[in-house]
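One letter stands for each residue in the lines below.
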Amino acid sequence: MKIVYYLTALLILSSMALPAACQDGISLTVNVHEEALDGPLLSEVLITGLDGIGNEFAGVTDSDGVAVISGTPGAWQFAFQKNGYDDLNLQYNATQTEETAAYLEKSSEADQVALAVYVHEGSLDGPILSDVQITGQDGDGNDFAGITNSSGVAIISGIPGSWQFAFQKDGYDALYLEYNATQSEEAAAYLEKAA
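Residues numbered from 1 in each chain as written. Predicted model: local features only at pLDDT ≥ 70, side-chain atom pairs only at ≥ 80, totals over all residues. Heavy atoms only, no water.

Visitor: Please clarify how the sheet that holds strand S9 (residues 113-121) should be interpreted in this entry.
Guide: Two orientations exist for strands paired in a sheet by backbone hydrogen bonds: parallel and antiparallel. Strand order across the open sheet formed by 3 strands is S12-S9-S15, with mixed pairing between neighbours. Strands with a single pairing partner mark the edges of an open sheet, and in this sheet they are strand S12 (153-158) and strand S15 (185-191). On average, each strand axis in the sheet is inclined to that of its neighbour by 30 degrees, with strand direction left out of account. (Pairing = 2+ DSSP bridges. Helix = DSSP H or I, 4+ residues; strand = E, 2+ residues; numbered from the N terminus. Axes fitted to C-alpha atoms, helices over the stretch in contact; angles between N-to-C directions.)

Visitor: Would you take a moment to explain the side chain of Asp51 for this structure?
Guide: You can see Asp51 is positioned in the loop between strand S3 (46-50) and strand S4 (56-60). Buried charged residue Asp51 carries no salt bridge. Nearest counter-charge: Lys82, at 26 Å. Of the polar contacts made by the side chain of Asp51, one reaches the backbone nitrogen of Ile53; its length is 3.0 Å. (Buried < 20%, exposed > 50% of the residue type's maximum accessible area, 1.4 Å probe, protein only. Lys, Arg positive; Asp, Glu negative; His and termini not counted. Salt bridge = Lys/Arg side-chain N within 4 Å of Asp/Glu carboxyl O. Polar contact = N/O pair within 3.5 Å; in protein donor to acceptor, adjacent residues only side chain to side chain.)

Visitor: Where do I start with the nonpolar core in this structure?
Guide: The tendency in soluble globular proteins is for nonpolar side chains to be buried side by side. Of all hydrophobic cores here, the largest spans 20 residues; its most connected members are Val30, Ile47, Trp76, Phe78, Phe80 and Leu104. Elements that contribute at least two residues to this core include exactly strand S2 (26-34), strand S5 (66-71), strand S6 (74-81), strand S7 (88-94) and strand S8 (98-104). Grouped together as the second largest cluster of nonpolar side chains are 17 residues, Phe144, Ile156, Trp163 and Ala181 included. (Core = buried A, V, L, I, M, F, W, Y, C linked by side-chain atoms within 4.5 Å.)

Just geometry here; none of it tells us what the structure is for.
Right, here's the structure in full:
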């Protein structure tokens, strides 16, 4: 996790000082964005944590992507959670009532697609082939690998985009393909016997 990257994510957008007599309790107006501090605001983000003296707090961003959290000044611990996004944990020195912002990044797992790749012999209507080694790279350049099972299928997961495939099995010509994987689905290929 990019801790240093995330620690800079909580930014003071504006602030207003309170008189010293009001410093016993403060409120932070937390704006939560998607992907960047200038990204769209996110609703239904669960914000939990501890204020400056260890009291627990919790809030959920509203339809405008805002939650107001109250507590005692000091070093606050924050945890931001929303389905489909990576969790974010921050420490913030909250000393006065002010407006702050953070952002969540989409979870790479949420963006993944899975292909059920069937491999046949000779043609797409040919008999299935087990033990075919399938290697390649997904749409983000991440390596993947799989081997077809007794049903001639291997499940390959990765980031959507243009995928590069290599199919190899002893006694067959190697096959190299590019495939635009945009959703979870079934796909098929076939290998020809080596001459």
